[in-house]
Amino acid sequence: MDDVVSYGNLRPGDPVLEVGCGTGQATRSFAKRDFRIVAIDPGPEMIRAARESLAGFGNVELVETTLEAWPQDKGAFRLIIAAQSWHWVSPDLRFVKAAKLLSSDGSLAVFGHVPTGWPIPLLERFKEIYLRHTGRWGPPPEAWYLPSGPFKGWFDESGLFGPVEHRCYPWKWQHTTSSYANFQGTRSDIRMLTPTIRDELINDISKAIDRHGGEFEMDYETHLYMARRIGGDKQL
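Residues numbered from 1 in each chain as written. Predicted model: local features only at pLDDT ≥ 70, side-chain atom pairs only at ≥ 80, totals over all residues. Heavy atoms only, no water.

Novice: Can you tell me about the overall build of the protein, naming the residues and giving the values?
Specialist: Looking only at helices and strands, one finds nine helices and seven strands in the protein. Judged by the C-alpha coordinates and their principal axes, the protein covers about 55 × 40 × 30 Å. The buried share of the protein, reckoned over its 236 residues, is 47%. Here the contacts in the protein between residues at least 6 apart in sequence split such that 76% fall between residues at least 24 apart. On the protein, roughly 11500 Å² of surface is accessible, and the fraction owed to carbon and sulfur atoms is 52%. Both charge centroids of the protein, one from 27 positive and one from 30 negative side chains, sit 3 Å from each other. (Helix = DSSP H or I, 4+ residues; strand = E, 2+ residues; numbered from the N terminus. Buried < 20%, exposed > 50% of the residue type's maximum accessible area, 1.4 Å probe, protein only. Contact = heavy atoms within 4.5 Å. Areas by Shrake-Rupley, 256 points an atom, 1.4 Å probe, with all protein chains shown as cover. Lys, Arg positive; Asp, Glu negative; His and termini not counted. Charge placed at Lys NZ, Arg CZ, Asp CG, Glu CD.)

Novice: Quick rundown of helix 3 (residues 44-53)? Include the residues and the values.
Specialist: Side chains of residues three or four places apart in an α-helix project in the same direction, reflecting 3.6 residues per turn. Looking at helix 3, one finds that the buried residues are Met-46, Ile-47 and Ala-50. The buried side chains of helix 3 occupy one side of the element, clustering within an arc of 100 degrees when seen end-on. (Arc of directions from axis to C-beta.)

Novice: Describe helix 5 (residues 120-134), listing the residues and the values that go with them.
Specialist: With 15 residues, helix 5 ought to run about 21 Å at 1.5 Å a step, and its terminal C-alpha atoms sit 21 Å apart, in line with that. Of the residues making up helix 5, those classed as buried are Leu-122, Phe-126, Ile-129, Tyr-130, His-133 and Thr-134. The buried residues of helix 5 occupy one face: seen down the axis, they fall within an arc of 100 degrees. In helix 5, the exposed residues that point more than 90 degrees away from the buried face are Ile-120 and Pro-121. Elements that come into contact with the buried residues of helix 5 comprise helix 7 (177-184), helix 8 (188-191), helix 9 (195-211) and strand 7 (215-228). Count one or two residues on from helix 5 and you reach Gly-135, which has phi positive near 75 degrees. (Expected span 1.5 Å × (residues − 1).)

Okay, here's the thing in structure tokens:
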């Protein structure tokens, strides 16, 4: 993201830590800029997928671990990024650990893609499917990234970062039955279901999309929160 690179005053070769890299989708956009990236994720399947998708980048190191378990190397990174993963890091540790790992002028950037609009007929059908298979229906975890969510407050409460800058980027995603089913399989809340329930849920969602014509367009917003580490180590 241009705004993240500009905000962090980054140059090629600068060290970047990515927390929760998943399959490497966000990693790729930063790797193309020749930063030295350490991308961590606790999921072995995710690391394997990221290793395949990022095979052409010699400037990316993939490590199967969590931020909580990452060695305490003070000031090692100019930037820490987290794409739809920050809410999974331990609340008591996430900002403290990030501040320790950042250089005195380093920045933390967290962002997430939030769905903001489905076709109404599909939305009603999805609601029925989720309630039947999981007993739950409500805002997805990504809704935490909306301005009404907790992210800005978390930065402020930590006392370790300066003023938060928020940016919003609206966009659209044209889905087919297969692309949406594949996307559902990557969602953290879906992956936490038992294999049987997960498969049945995705299968019924796929059937609903097929009955809708096999494709649909969704509105999304990407919400980005950036802040610089407060200089000095006295609070760490």
